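Structural overview
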Amino acid sequence: EVQVVESGGGLVQAGGSLTLSCAVSGFTSDDYAVGWFRQAPGKAREYVAGINWSGDSTYYTDSVKGRFTISRTNAKNTVDLQMNSLKLEDTAVYYCAAAQYGPVTVTQTGNGYDYWGQGTQVTVSS
């Protein structure tokens, strides 16, 4: 049984920082990839960042490059998304997702994530 659970959402002022965490459990092999997606009201879901098992392949959408950092803990069962210099347009529900098989193509394209968390709200205020 695979479980993906996000946490860390909240309200933050523009220019501030927030860290989201994603706890993944239930995989029988240590080769899964983890990605972060977000969806704002009335907008399509967007692939924000991704990381493979070893952590040597990461992806960031252009709008968050230089501001967001995705990383794995030493145990690799938790993936964090450090968000700095937050903007109003970063407001969205953020979802963590995991892929049973995490080749670089999954990390880089955002296609292939099939286990999803419930989402956590991030609201950036002026």
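The rules behind the values
Residues numbered from 1 in each chain as written. Predicted model: local features only at pLDDT ≥ 70, side-chain atom pairs only at ≥ 80, totals over all residues. Heavy atoms only, no water. Helix = DSSP H or I, 4+ residues; strand = E, 2+ residues; numbered from the N terminus. Contact = heavy atoms within 4.5 Å. Pairing = 2+ DSSP bridges. Axes fitted to C-alpha atoms, helices over the stretch in contact; angles between N-to-C directions. Salt bridge = Lys/Arg side-chain N within 4 Å of Asp/Glu carboxyl O. Buried < 20%, exposed > 50% of the residue type's maximum accessible area, 1.4 Å probe, protein only.

Below, the discussion takes up the environment of threonine 58. Residue placement: threonine 58 occurs in strand β6 (residues 58-60). Separated by 57 residues in the primary sequence, threonine 58 and tyrosine 115 place their C-alpha atoms 19 Å from one another. The residues touching threonine 58, leaving out its near neighbours within four places in the chain, are Gly50, Ile51, Ile70, Thr107 and Gln108.

Bringing the sheet that holds strand β7 (residues 68-72) into the picture now. What the four strands build is an open sheet, ordered β1-β3-β8-β7; its pairing is antiparallel. In this open sheet, the two edge strands, each paired with only one partner strand, are β1 (3-7) and β7. For this sheet, the mean inter-axis angle between neighbouring strands, taken without regard to orientation, is 15 degrees. Pairing geometry for β7 and strand β8 (residues 78-83), over five bridges, is antiparallel. Residue threonine 69 lies in a different strand from β8, and its bridge partner there is glutamine 82.

Here the focus is the pattern of salt bridges. One side chain can pair with another of opposite charge once the charged atoms of both are near each other. For the coordinates displayed, the defined rule picks out four salt bridges. Between arginine 38 and glutamate 46 there is a salt bridge, with the nearest N and O atoms lying 2.9 Å from each other. The buried category is assigned to arginine 38, whose relative accessible area is 6%. For glutamate 46, a relative accessible area of 26% translates into the label partly exposed. Through salt bridges that share partners, Arg38, Glu46, Arg67 and Asp90 make up one connected network.

Residues other than glycine seldom take positive phi values, yet serine 85 does so here, at roughly 50 degrees. With respect to the helices and strands, the residue serine 85 is situated in the loop between β8 and β9 (92-99). Taking relative accessible area as the criterion, serine 85 reaches 40% and is therefore assigned partly exposed.

Note on placement: glutamine 82 falls in strand β8. For glutamine 82, a relative accessible area of 27% corresponds to the partly exposed category. Put simply, glutamine 82 and leucine 18 are 64 residues apart on the chain and 6.2 Å apart in space, counted from C-alpha to C-alpha. If we ignore the near neighbours within four places in the chain, the residues touching glutamine 82 are Ser17, Leu18, Thr19, Arg67, Phe68 and Thr69.

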